[in-house]
Amino acid sequence: MILTAVLLAVLGLSLVGWFAARGRARLLYKGRASMHSMPAYHGWHMALWIFVPALLCWVVWSAIMPGLVDGAVMADPVAASLPADEMQRSAILAEAKAIAHDPFAVAFNPQARNLAEPIKAAETRFGFIGALLVLIAALAGGGYGFTRIRAGFPARNRVEQGVMALLLAASLMAILTTFGIVASLVFEAGLFFKDVSPIAFLTGTHWSPASTMGDNINDNFGAVPLFWGTIYIGAIIAMVVAIPLGLMSAIYLTQYASSTVRKWLKPMLEILAGVPTVVYGYFAALTVAPMIRDFAASLGVPNPSTESALAAGLVMGVMIIPFVSSMADDALAAVPRAMSDGSLALGATRSETIKKVLLPAALPGIVAGIMLAVSRAIGETMIVVMAAGAAARLSANPLSSMTTVTYQIVQMLTGDQEFNSPKTLSAFALGLVLFIVTLILNIIALRVVKRFREAYE
Amino acid sequence: MSNHNWNSPEAAKRIAQRHASERRFKLLGLGAIALSLSFLALLLFIMLRNGLGGLDWAFLSGSDSTNASVAGIWGAAKGSLLTMLVTLLLSFPMGVLSAIYLEEFAPRSRWIEWVEVSINNLAAVPSIIFGLLGLAVFINTLHLPRSSPLVGGLTLALMTFPVIVISGRNAIKAVPPSIRDAALAVGASKVQAVFHHVLPLALPGILTGTIIGMARALGETAPLLMIGMRAFIVTPPGGITDPSSVLPMQIFLWSDEIDKAFVQNTSAAIIVLLVFLLLMNGIAIYLRNKFEVRW
């Protein structure tokens, strides 16, 4: 708590420093070209010197404080009565911390209540020390900054160097995120593959992670039915819906519609892409799936299930339409006008021009767009969670319920089980596969699009 | 073909056929759009029919409950608000600074190429993967409070960041070089030229992209499912570290209820969410139309 307050105090100090330094710099002003930098830059220079060291100090202290608190609590005489077992001890400590922050929290261990006081004391003590250190850093930085204020001091250049460092740090964020994704997926999946062989995981056809008590754990983690369900729903059913509708929409909008019509229809089509997936999922489960079930029943299918691959795929396809449409739109627009003009001049009708000239010329772009659409469809989660079902089966029947990679990831991670069981870890292995597949699709598609654009430039 | 007679009945028939096929093709295109839009209309109609009856003040101001008739969405809406606040505060400055660096200052180097590849790929990574990242890093490694707007906001910020960078770069790219040259010519430094002249001109475009990215984050469910934001929460969160739910998650939780009375709640919550999203997108379009400068 005190650490949050001190951060605000540092912000306030920076503001004060800004005005103080600018005021002092203004006093130094003795006419044109008497100073290297404008007074406001001296203000910024000062504010940075107050804020940055204090922030660094704050971050470091926040990182090491929990360890210090634990150490102090362990040294307390009350902690001597704790069980030696690491697991039990940390459970009691966690409860005691909850009580220390909220006196009404429930505790299952009586010892936790006794520990709450020492924890509170230690947290206050170390929080206070930390706050003091942060303030010292701010004042020391500010003191140094203040002594720099001279007419000849290049404050602007220094501030600009600081800004550049900030910009660079912000852009490294992207690499850090990518690295974080890869590292966490690979690490957790590695733990999973310690128990289950990767070959069995990638080629096995039996998926029932709940029954991990079987003779051979490898037999329960065959992910092929999940891959099949994902491909069947995302790459086949959804695309059968999305490709013709999206492509024809794009052709109509770019080739036939007047600009007024396009101005109205295009945003309306884009609303489809803006509807949250959970809404689509609900719509699929509430309306589309029962419709399909009734339709199946009328065809004479015995006991049609409410959850079906068709319902999920159909709705997913509709969701992807605007995406395919806008990718096709770009691809068609990239074809030089001279090509279609030439065809029209020879007497071909518009539709003949589109079918025989425009589409073949735009094909690489369209195919790349479809690849991106597939990568989006197979990563889609909420629709399949709400409408596709949990049954891992290898079937080509669109009316049967089917499960996907994303559905299983959700399923594995939302139950109440300990984190390090193979069941939960399998979610990370599935995530890794999903990540790699979408990455490959994206990279190839972006390459194709780039090369395709260059070909016509 | 020199002896081709354009007035022969065969030629006339052929031309008529070609025109008919032209009309069919055009109708097919119109039909595709009509079919897509009618699907949207059906979706909206069903949500409105089921949900409009449930939209009243008690619903808007109440919190989750096991009883459908008293359950409301204020708790989830507040959770969404706090989550979006965290997302915006993190992803907007980071995204804008990153876009400025990549577009204005970055040297051509292998590192920068990596950054660009990363950003383009992150924009296409499935959202559930960000949820796995959030679970592994924020919850299991940093031990931040589970199912809190803080963790939700952090996770969504990582997801929104590339969207803002990409739209920001396009907006900055659209500012003509003459603006920079003019600033540099009267003695501004490179940093001054960018922050005082290019950035204000690019800001409407950046804001439009940011709002669109935020709208997407507001409707996102899957990554939040991973970090445990699916608890049954009766009291609205007081701060960003309290356990909370968010609007799309509330929709998901209610859709799972067996009690038929929750159909009305779910649909009403969907209407509220869609209204928010339409508003945000409307603002984005307004900003774009009002401030966009054609150079």
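Residues numbered from 1 in each chain as written. Chains lettered and ligands numbered in written order. Predicted model: local features only at pLDDT ≥ 70, side-chain atom pairs only at ≥ 80, totals over all residues.

Draft legend 1. View of the overall build of chain A. Each helix and strand counted, chain A has 15 helices and 0 strands in total. Against the compact-globule benchmark of 23 Å for 457 residues, chain A has a radius of gyration of 31 Å, which places it well outside the compact range. Taking the principal axes of its C-alpha atoms as reference, chain A extends roughly 80 × 75 × 40 Å. Residues classed as buried in chain A amount to 45% of the 457 residues present. (Helix = DSSP H or I, 4+ residues; strand = E, 2+ residues; numbered from the N terminus. Rg over C-alpha atoms; globule rule 2.2 N^0.38 Å. Buried ≥ 20, exposed ≤ 12 C-beta atoms within 10 Å, placed from the backbone.)

Draft legend 2. A look at the overall build of chain B. Secondary structure assignment for chain B yields 11 helices and 0 strands. Reading the secondary structure of chain B in the N-to-C direction produces α-α-α-α-α-α-α-α-α-α-α. Over its C-alpha atoms chain B spans a radius of gyration of 26 Å, topping by over 25% the 19 Å that the globule rule assigns to 295 residues. If you line up chain B on its principal axes, its C-alpha atoms span 85 × 65 × 35 Å. By residue count, 47% of the 295 residues in chain B fall in the buried class. Counting only contacts in chain B whose residues sit at least 6 apart along the sequence, the fraction spanning at least 24 positions is 77%. (Contact = placed C-beta atoms within 7 Å.)

Draft legend 3. Focus on unusual backbone geometry. Despite not being glycine, A:A33 shows a phi value in the positive range, around 60°. Phi is positive for B:S147, which is not a glycine, with a value near 50°. As for its position among the elements, B:S147 is in the loop between α5 (127–139) and α6 (149–174). With 23 C-beta atoms counted inside 10 Å, the residue B:S147 sits in the buried group.

Draft legend 4. Structural context of helix α10 (residues 247–255) of chain B. The element α10(B) is largely enclosed, with a buried count of 9 among its 9 residues. Looking at the buried side of α10(B), the elements it contacts are α9 (277–298) and α13 (382–387) of chain A together with α3 (74–105), α9 (222–226) and α11 (262–291) of chain B.

Draft legend 5. Quick peek at the interface of chain A and chain B. Counting residues at the interface gives 65 residues for chain A and 63 residues for chain B. Tallying contributions element by element places helix α5 (residues 155–195) of chain A first for the side of chain A that touches chain B, with 19 residues.

Draft legend 6. Inspection of the domain arrangement of chain B at higher detail. All names here are of chain B. In terms of domains, chain B is made up of domain 1 (9–53) and domain 2 (60–291). Computed over C-alpha atoms only, the centres of domain 1 and domain 2 are separated by 36 Å. Across the side of domain 1 that touches domain 2, the residue classes tally to 2 nonpolar, 3 polar and no charged. (Domains from an automatic or database assignment. Nonpolar A, V, L, I, M, F, W, Y, C, P; charged D, E, K, R; others polar.)

Draft legend 7. Broad picture of the packing of α5(A) against helix α4 (residues 110–122) of chain B. Their axes nearest at 8 Å, the elements α5(A) and α4(B) cross at an angle of 60°. Our classification of the angle between α5(A) and α4(B) gives oblique. Considering the relative orientation of α5(A) and α4(B), their crossing is left-handed. Packed against α5(A), whose contacting residues are A:S171, A:A174, A:I175, A:T177 and A:T178, the element α4(B) presents B:W114, B:V115, B:S118, B:I119, B:N121 and B:L122 at the interface. The residue inventory of the contact of α5(A) with α4(B), partitioned by class, reads 6 nonpolar, 5 polar and no charged. (Axes fitted to C-alpha atoms, helices over the stretch in contact; angles between N-to-C directions. Parallel < 35°, antiparallel > 145°, perpendicular 65-115°, else oblique. Left-handed = near helix turned anticlockwise from the far one by under 90°.)

Draft legend 8. Spotlight on the domain arrangement of chain A. As far as domains go, chain A holds domain 1 (2–153) and domain 2 (217–456). Placing the centre of domain 1 of chain A and that of domain 2 of chain A at their C-alpha centroids yields a distance of 49 Å.

Draft legend 9. Representation of the nonpolar core within the structure. All names here are of chain A. A284, A312, V315, V324 and A387 are the most contacted members of the largest nonpolar core, which has 183 residues in total. It is helix α10 (residues 309–334) that provides the largest number of residues to this core, a total of 17 residues. Excluding residues within four positions of it along the chain, V315 makes contact with Y280, F283, A284, V288, I383 and A387. In terms of nonpolar packing, the next biggest core, distinct from the first, is built from 25 residues, V6, A21, A47 and L48 among them. (Core = buried A, V, L, I, M, F, W, Y, C linked by C-beta atoms within 7 Å.)

Draft legend 10. Layout of the packing of α5(A) against α3(B). Contact geometry of α5(A) with α3(B) gives a least axis separation of 8 Å together with a crossing angle of 105°. Comparing their axes, α3(B) and α5(A) come out roughly perpendicular. Facing A:M164, A:L166, A:L167, A:L168, A:A170, A:S171, A:M173 and A:A174 of α5(A), the residues of α3(B) in contact are B:M94, B:L97, B:S98, B:I100, B:Y101, B:L102 and B:F105. Per-class residue counts for the contact of α5(A) with α3(B) are 13 nonpolar, 2 polar and no charged.

Draft legend 11. Layout of the confidence of the model for chain B. Confidence in the prediction of chain B, expressed as mean pLDDT, is 89, and 98% of residues score 70 or more. Per-element confidence in chain B ranges from a low mean pLDDT of 85 for helix α2 (residues 57–61) of chain B to a high of 94 for helix α7 (residues 177–185) of chain B. (pLDDT = per-residue confidence, 0-100.)

Draft legend 12. Spatial organisation of the environment of A:V437. Along the chain, A:V437 falls in helix α15 (residues 422–456). In the structure, A:V437 is positioned 62 residues away from A:S375 in sequence and 7.7 Å away in space, judged by C-alpha atoms.

Draft legend 13. Representation of the environment of B:L44 within the structure. Looking at where B:L44 falls in the secondary structure, it is placed in helix α1 (residues 9–51). B:L44 sits 227 residues away from B:I271 along the chain, and the two C-alpha atoms are 8.4 Å apart.

Draft legend 14. Looking closely at the environment of A:E454. Residues and elements named next belong to chain A. The residue E454 is located in helix α15 in this model. Taking the C-beta count within 10 Å as the criterion, E454 has 8 such neighbours and is therefore assigned exposed. In the structure, E454 is positioned 70 residues away from V384 in sequence and 38 Å away in space, judged by C-alpha atoms.

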